[in-house]
Amino acid sequence: MNAPTRALHDVPRSDWTREEITALFALPFAELMFRAASVHRAHFDPNQVQTSTLLSIKTGGCPEDCGYCSQSAKNDTGLKASKLMEIDAVLADASAAKAAGASRFCMGAAWRSPKDKDLDAVCAMVEGVRALGMETCVTLGMLTAPQAIRLKQSGLDYYNHNLDTSPEYYRHVITTRTYQDRLDTLEHVRDAGINVCCGGIVGMGESAEDRTGLIHALATLPAHPQSVPINALVQIEGTPQGLSAPLDPIDFVRTIAVARITMPRSMVRLSAGREEMSDETQALCFLAGANSTFYGARLLTTPNPVADDDRALFARLGITLMPPSHG
Ligand code: SAM
Ligand code: DTB
Ligand code: SF4
């Protein structure tokens, strides 16, 4: 059986070894791209991309010390902190995102973990966005099991919580919560029946071995995350990781390709960092199996390509937008 045919019958594996993943990263580029594209088309229409629009519903002043983040109170980035947004303003932004073509609305809050009172307000936002016919995603930091159940009851479709990097490199990036804390939150989300959105960041000064470690950690979770965001670090002045050496775009494309091969049924998201990326690098990411992206002029606190530019890029590549799965 040749590789593309075999991929059709593959069940997703959760027993990938580090050696296997190292070997995938080490393949000649053409071979890696061929394998990733073959796996991609065995499971998805390779010309369709899902689009999510982000909104920071509570910005800055975060007690965590994530070394890449503009929103940590420990990083002197000049960002102005603000309180949780009012629901009407959130729903107005969601309507505009829907009109621009986004199928999912993703709300992020700079919290270590939500207070129960804040969670009530977020649940009302989820209900409101869902009523617009959009899929919903939130990222609020660590959750307890009852909080995950509460979010599920509000109709939440996805929870984003990233592993960020390899277990070994993690302590160089964040010290205020552990890798295990993150795994625990992911378990609560999974157990509540919410789709998991979990990925990481490339370009934080990590080694090739750390990129292998990140993909290994994601691909050996008890279930593959339904959505795997691969972010290229957005370098932010005043953050420790802001001083990282620039990322080789080919290493980024390889990371997307290995995520696609190891997690064949997951949506792989070409996430932060597109503003600094050429159209050609983005095209290679789609060829390597990325099939979702953030859409709209802002990520959380940093710029993203404007929707008109993305529509033009998608038209040049013959890419169409995926409709929401409900609504
Ligand atoms: N506070 C919540 C948390 O960290 O769980 C949710 C928001 S946080 C900003 C969501 C994710 O965005 C982080 O886990 C990280 O992977 C990504 N992110 C944050 N700043 C970034 C940057 N400068 N470049 C690339 N990705 C970034
Ligand atoms: C994810 O993996 N990337 C998004 C989303 N999940 C929440 C956030 C990217 C943030 C980029 C930096 C900023 O705009 O602050
Ligand atoms: Fe806070 Fe999230 Fe930024 Fe970490 S990534 S500092 S938890 S907002």
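Use the structure listed above.
My aim in this report is to walk through the structure given alongside it, one point at a time. The structure displayed is predicted, hence computed values, not measured ones.

Right, let's talk about the pairing of strand 1 (residues 48-58) for a bit. Counting buried positions along strand 1 yields 10 of 11 residues, so the element is predominantly enclosed. One ladder, built from 3 bridges, connects strand 1 with strand 9 (residues 292-294); its direction is parallel. In the strand pairing of strand 9, glutamine 50 is matched with serine 292. Crossover handedness for the path strand 1 to helix 4 (residues 87-100) to strand 2 (residues 104-109): right-handed.

Right, let's talk about the pairing of strand 3 (residues 135-139) for a bit. Within strand 3, 5 of the 5 residues are buried, which leaves it mostly tucked inside the rest of the structure. Here strand 3 shows a buried face lined by Glu135, Cys137 and Thr139 and a second buried face lined by Thr136 and Val138. For strand 2 and strand 3, the ladder comprises 5 bridges, and the chain directions are parallel. In the sheet register, glycine 108 faces strand 3, and the bridge partner there is threonine 139. With helix 5 (residues 116-131) bridging strand 2 and the parallel strand 3, this β-α-β connection has right-handed handedness. Across 2 bridges, the pairing between strand 3 and strand 4 (residues 158-160) is parallel. Paired with cysteine 137 across the bridge in strand 4 is tyrosine 158.

What follows deals with the site of ligand 2. Taken together, the neighbourhood of ligand 2 is formed by Leu54, Ser70, Thr139, Asn160, Asn162, Pro229, Asn231, Phe294, Leu299, Leu300, Thr301 and Thr302. The separation between an oxygen atom of ligand 2 and a polar side-chain atom of asparagine 162 is 2.9 Å. The side chain of asparagine 231 places a nitrogen or oxygen atom 2.9 Å from an oxygen atom of ligand 2. Considered on its own, ligand 2 offers 410 Å² of accessible surface; in the complex 88% of this is hidden by protein. Its residues assigned to classes, the shell around ligand 2 comprises 5 nonpolar, 7 polar and no charged.

Rules used in this analysis
Residues numbered from 1 in each chain as written. Chains lettered and ligands numbered in written order. Predicted model: local features only at pLDDT ≥ 70, side-chain atom pairs only at ≥ 80, totals over all residues. Heavy atoms only, no water. Buried < 20%, exposed > 50% of the residue type's maximum accessible area, 1.4 Å probe, protein only. Helix = DSSP H or I, 4+ residues; strand = E, 2+ residues; numbered from the N terminus. Pairing = 2+ DSSP bridges. Right-handed = clockwise from strand over helix to strand, strands pointing away. Near = heavy atom within 4 Å. Polar contact = N/O pair within 3.5 Å; in protein donor to acceptor, adjacent residues only side chain to side chain. Areas by Shrake-Rupley, 256 points an atom, 1.4 Å probe, with all protein chains shown as cover. Nonpolar A, V, L, I, M, F, W, Y, C, P; charged D, E, K, R; others polar.

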